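The chain contents come next:
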Amino acid sequence: YPGEGKVVSATIVLSDWEQEGAQDITLDCGKFILDEPKFSGWPVSGTLSAVSTPANKGFSKTERTKTWENVTLKEIGKNIADRAGITLAWDVSGSSFSISSVEQSKKADCEFFTELCNNYGLQVKVYSHKLVVYDREAYKKKAVVDGVAEKDPGKRFRNNTLYAQCFNDLRC
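What you are looking at is a predicted structure, and each value in this text was computed from that prediction instead of being measured.

Draft legend 1. Representation of the nonpolar core within the structure. Ranked by size, the top nonpolar core spans 23 residues in total, and within it Leu73, Ile76, Ile80, Phe113, Leu131 and Val133 carry the most contacts. Elements represented by at least two residues in this core include exactly strand 4 (64-72), helix 1 (73-84), strand 6 (98-107), helix 2 (109-119), strand 7 (123-127) and strand 8 (130-134).

What follows is the structure, given as structure tokens:
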């Protein structure tokens, strides 16, 4: 029985039911933490509600006050990720952005770090036990890795297996 706080991996599998031998398309959505598993009835049915943010509620709930001095944005991110029990994934080329002093005043780590990164034109998301920092403009310039095209207007892709709802941009 999957209980609250357990880690689950979410995957979406799309199948073309109208074409014999068609290849399934699988999308790995990452790891999530169950926050509200519910089961009922007979036959048993269930709903698994999960979040990408750490189970450590301090990450998004605990308001902190701290003055950060003579650090880089990346160092602040590493400190916050370590405190939340996740790793920092820094996907920004160039500078780590030196900061002489910045005040975290009665803000949760998630909110504070997201706002700070936004001030430097960077985006933050939590994905698969990682605090990911990236440059959205640089990502927009990257080549498309893969895509799903509907060749025949009458053909439809339907959900074959849906383990969890997956969002492209997971935020704190």
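Moving on, there is more to tell.
Draft legend 2. Quick look at a nonpolar patch on the surface. On the surface, Phe39, Trp42, Val44 and Leu48 cluster together into a nonpolar patch covering about 480 Å² of accessible area. Turning to its location among the elements, Trp42 is positioned in the loop between strand 2 (25-40) and strand 3 (45-51).

Draft legend 3. Structural view of the pairing of strand 8. The buried fraction of strand 8 is high, at four of five residues. The turn joining strand 7 and strand 8, which pair antiparallel and follow one another in sequence, is formed by two residues; a positive phi near 50° is taken by Ser128.

Draft legend 4. Broad picture of the pattern of salt bridges. Tallied over the entire structure, the rule returns six salt bridges. Its salt-bridge partner being Arg64, residue Asp109 comes within 3.1 Å of it at the nearest N-O pair. With Asp109 in helix 2 and Arg64 in strand 4, this pair connects stretches of sequence that are 45 residues apart. We classify Arg64 as partly exposed; its relative accessible area is 23%.

Draft legend 5. Representation of the packing of helix 1 against helix 2 within the structure. Running from N to C, helix 1 and helix 2 cross one another at 160°; their axes reach a closest spacing of 11 Å. What the angle tells us is that helix 1 and helix 2 run roughly antiparallel. Read as a crossing pair, helix 1 and helix 2 show a hand that is left-handed. Across the interface between the two elements, Leu73, Ile76, Gly77, Ile80 and Arg83 from helix 1 touch Asp109, Phe112, Phe113, Leu116 and Cys117 from helix 2. Tallied by class, the residues present in the contact of helix 1 with helix 2 amount to seven nonpolar, one polar and two charged.

Draft legend 6. Just the packing of aromatic side chains, in detail. Taken as a whole, this structure holds three aromatic pairs when the rule is applied. With a centroid separation of 6.4 Å and 10° between ring planes, the pair formed by Trp68 and Phe112 is classed as stacked. Of this pair, Trp68 sits in strand 4 while Phe112 sits in helix 2, and the two are 44 residues apart along the sequence. Neither Trp68 nor Phe112 differs from the other in exposure class; each is buried. Judged by centre distance (4.7 Å) and plane angle (35°), the ring pair of Tyr134 and Tyr139 falls under tilted. A relative accessible area of 7% places Tyr134 in the buried class. Judged by relative accessible area, which is 32%, Tyr139 ranks as partly exposed.

Each value, and the rule that gives it
Residues numbered from 1 in each chain as written. Predicted model: local features only at pLDDT ≥ 70, side-chain atom pairs only at ≥ 80, totals over all residues. Heavy atoms only, no water. Core = buried A, V, L, I, M, F, W, Y, C linked by side-chain atoms within 4.5 Å. Buried < 20%, exposed > 50% of the residue type's maximum accessible area, 1.4 Å probe, protein only. Helix = DSSP H or I, 4+ residues; strand = E, 2+ residues; numbered from the N terminus. Patch = residues over 30% accessible without salt bridge, like charges linked within 9 Å, V, L, I, M, F, W, Y side chains within 5 Å. Areas by Shrake-Rupley, 256 points an atom, 1.4 Å probe, with all protein chains shown as cover. Salt bridge = Lys/Arg side-chain N within 4 Å of Asp/Glu carboxyl O. Pairing = 2+ DSSP bridges. Axes fitted to C-alpha atoms, helices over the stretch in contact; angles between N-to-C directions. Parallel < 35°, antiparallel > 145°, perpendicular 65-115°, else oblique. Left-handed = near helix turned anticlockwise from the far one by under 90°. Contact = heavy atoms within 4.5 Å. Nonpolar A, V, L, I, M, F, W, Y, C, P; charged D, E, K, R; others polar. Phe/Tyr/Trp six-rings, centres within 6.5 Å; stacked < 30°, edge-to-face > 60°.

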